[in-house]
Amino acid sequence: MPNPKGTPENLQPGKRKGEEPLTEKMNIRMTKSMKEEVQQQDDPPEFCREAIQKALDEKKERQQ
């Protein structure tokens with residue numbers, strides 16, 4: 001009987017090509033409408049990562 005949770009390769013932490021591995025997790029609070037909008041994106045986790053990275057980059061530029 002096959003493993004219902006997938007292959008062992010699927011259980012490894014996700015990685016994006018050329019960048020550090022995605023090993024950390026964070027919980028955030030948001031409004032219900034924000035959550036619904038984020039969930040409508042093609043890839044919600046990647047959408048959130050990109051938005052956070054963009055905000056961090058902008059903050060770093062302002063500080064210089």
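Up top you'll find the structure we're talking about.
Report follows, based on the coordinates. (Residues numbered from 1 in each chain as written. Predicted model: local features only at pLDDT ≥ 70, side-chain atom pairs only at ≥ 80, totals over all residues. Heavy atoms only, no water.)

Let's talk about the overall build of the protein
In step 1: Along the protein, the regular secondary structure elements total two helices and zero strands.
In step 2: Counting every position in the protein, which comprises 64 residues, the buried fraction comes to 3%.
In step 3: Accessible area for the protein stands at about 6800 Å²; split by element, carbon and sulfur atoms hold 51% of it. (Helix = DSSP H or I, 4+ residues; strand = E, 2+ residues; numbered from the N terminus. Buried < 20%, exposed > 50% of the residue type's maximum accessible area, 1.4 Å probe, protein only. Areas by Shrake-Rupley, 256 points an atom, 1.4 Å probe, with all protein chains shown as cover.)

With respect to the layout of surface pockets
In step 1: Reported here for the largest pocket is a volume of approximately 1200 Å³.
In step 2: Around the largest pocket, the lining is made up of 31 residues, and of these Glu24, Pro45, Cys48, Arg49 and Ile52 lie nearest the centre.
In step 3: The set of elements that each furnish at least two residues to the lining of the largest pocket consists of α1 (32–39) and α2 (44–63).
In step 4: If you tally residues by element for the lining of the largest pocket, the top one is α2, at 10 residues.
In step 5: Partitioned by chemical class, the residues of the lining of the largest pocket number 15 nonpolar, six polar and 10 charged. (1 Å grid on protein atoms, 1.4 Å probe; cavity = no way out; pocket = protein on both sides within 12 Å on 5 of 7 lines; lining within 4 Å. Points joined across faces, edges and corners; volume = space filled by probe spheres on them. Nonpolar A, V, L, I, M, F, W, Y, C, P; charged D, E, K, R; others polar.)

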